[in-house]
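# Structural overview for review
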Amino acid sequence: ATRQSLRSRVAGALLLTLLLSAGQRWVPPPRGTEAWFFSVGHGDAALVRGSRSALLIDAGTEPGPGRRGTVTRALDALRVRRLALLVVSHTDRDHRGGVPQILRTRPVDELWLPPGGTRDPAFEAILRAASARGCRIVERGLGDPAKSVGAMRVVPIWPPRRGGWRGATDNDRSLVVRVEHPRGALLFVGDLERAGEEALLAAHWDRGPPLRAEVLKVGHHGSRSSSYSAFLRAVRPDHAVISAAEPARFGLPAPEVVERIAALGAHVHRTGPGALRIDLERPWRVRGFRENP
């Protein structure tokens, strides 16, 4: 399908109430494939699921003692009992903090960490929880094998595992994955900043992985240190999702980032008001869901 036809099939955002509590059953299983971007404050957590399989990219920050986290409750409400794949983009707690609870509360077939992750002390709790449940733990980066999850193909496209590129920050070493579906692609870039974007863009032009994606999970919560024009033009998203708290923290998303994305003709969405669901089947639809106070 063309970029224009995909946009023309998108309905307006619809605000509803999403009850993120265990046992809630009104949310039906998808007939095709859908992506959920959960509202986790200043953090990241996204689910892509089909009728029989699902993968999770990041899980927000860790819940308080004795509490079930937002992502755990959301998976319960959506009746996601098992994950074929759990991707942890990098060591920041607002991305990996909720992962141990996810691993403890449902089977996970495979866990992906960025290169060096199995030796990183920041992932100790995750590695312990994964090992206790018999979850396969692998490091993934540019050039490593993709994984099929139902109708989806999950391709690791950053960072390189070889060649000595280390990046200026841990953000720039985020594990970036492209989730490919017969009707389009979603790109999850973690907290990738400008140096990482430029290096990934250079790898792309050197016959590297494709960057074009209908849906972009905007890097680093819409920070001005990310989402530079050349990178955005290579991705050319129809929809851009910014995971940022509401009310805004740290001035995120930065107005200039929102303007750069909108200037490409993309629809900009944010998770601050509540979870977002994007249907990948005909017609593409974006819906917003407010959480109960």
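Structure: above.
Treat the numbers as computed from the prediction; the structure is a model and nothing was measured.

Here is what the cut-offs are and how they apply
Residues numbered from 1 in each chain as written. Predicted model: local features only at pLDDT ≥ 70, side-chain atom pairs only at ≥ 80, totals over all residues. Heavy atoms only, no water. Helix = DSSP H or I, 4+ residues; strand = E, 2+ residues; numbered from the N terminus. Buried < 20%, exposed > 50% of the residue type's maximum accessible area, 1.4 Å probe, protein only. Contact = heavy atoms within 4.5 Å. Salt bridge = Lys/Arg side-chain N within 4 Å of Asp/Glu carboxyl O.

### Focus: the overall build of the chain
Along its length, the chain carries eight helices and 16 strands. Taking all 293 residues of the chain together, the buried fraction comes to 56%. For the chain, the share of sequence-separated contacts (at least 6 apart) that also reach a separation of at least 24 residues comes to 68%.

### Points about the side chain of Thr33
Residue placement: Thr33 occurs in the loop between strand S1 (15–18) and strand S2 (34–37). Overall, the relative accessible area of 6% leaves Thr33 in the buried class.

### Observations regarding the pattern of salt bridges
This structure, assessed with the given rule, holds 20 salt bridges. The partner of Arg106 in a salt bridge is Asp76, and the shortest N-O contact between them spans 3.1 Å. Here the residue Arg106 occupies a position in the loop between helix H4 (99–105) and strand S6 (110–113), and Asp76 occupies one in helix H2 (residues 70–77), the gap between them amounting to 30 residues. Taking the shortest distance from any N to any O, the salt bridge between Glu110 and Lys147 comes out at 3.8 Å. Of the two residues, Glu110 is situated in strand S6 and Lys147 in strand S8 (residues 147–149); the sequence distance between them amounts to 37 residues. Through salt bridges with shared partners, one network takes in Glu34, Arg49, Arg277 and Asp279.

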